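Structure at a glance
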Amino acid sequence: MIPTAGKRNVPVEFQRFTEAQDAGGGTTLTPVTFASRWVEMKDPTGREFQLAQQNHAGLSHMLVTDWDETLANVTHKDRVFLKNEARYLGIVAVSNANSRNHELVILCREDVSA
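This section reports on the structure supplied with the text. (Residues numbered from 1 in each chain as written. Predicted model: local features only at pLDDT ≥ 70, side-chain atom pairs only at ≥ 80, totals over all residues. Heavy atoms only, no water.)

Within the secondary structure, Arg 8 sits in the segment before strand S1 (10-21). We classify Arg 8 as buried; its relative accessible area is 11%. In terms of polar contacts, Arg 8 uses its side chain to reach the side chain of Glu 40, at 3.4 Å. Within the local environment of Arg 8, its side chain forms a polar contact with the side chain of Asp 66, the two groups lying 3.4 Å apart. Here Arg 8 is in contact with Trp 38, Val 39, Glu 40, Val 64, Thr 65, Asp 66 and Glu 103, once residues within four sequence places are set aside. (Helix = DSSP H or I, 4+ residues; strand = E, 2+ residues; numbered from the N terminus. Buried < 20%, exposed > 50% of the residue type's maximum accessible area, 1.4 Å probe, protein only. Polar contact = N/O pair within 3.5 Å; in protein donor to acceptor, adjacent residues only side chain to side chain. Contact = heavy atoms within 4.5 Å.)

Turning our eyes to something else, we now look at the pairing of strand S3 (residues 61-66). The two faces of the sheet receive side chains in turn, since in a regular strand these alternate between them. Most of S3 is tucked away: 5 of the 6 residues are buried. The pairing of strand S2 (residues 27-42) with S3 spans 3 bridges and is classified as antiparallel. Counted as the bridge partner of Met 41 is Leu 63 from S3. Where S3 meets strand S6 (residues 103-110), 6 bridges bridge the pair, whose relative direction is antiparallel. The partner of His 61 across the bridge, within S6, is Cys 108. (Pairing = 2+ DSSP bridges.)

All quantities given are derived from atomic positions and should not be read as evidence of function.
Next comes the structure, spelled out in structure tokens:
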């Protein structure tokens, strides 16, 4: 097991939009939290940053968290975003670090309108 004590110190909520009925009988998109995790927030550097910059301009954060099967299958097409206090991060990519199912590396872009 990888020692992570003290590194995963930033709480985030994984949210996605769902349709909810409003008072007027119409529907509105409402953010709903489907997972909460503690993550290690890093500035993207090295190979991950260069690879992501080629395909996704504006990459701002790299988050590392423990392996979770549900989160490992999230893609940017799922319209999932992360909320940390008043900050919103859109998911650019999720990768299985070292292909061992121990950690997830989540590449994000800040300033997602929620």
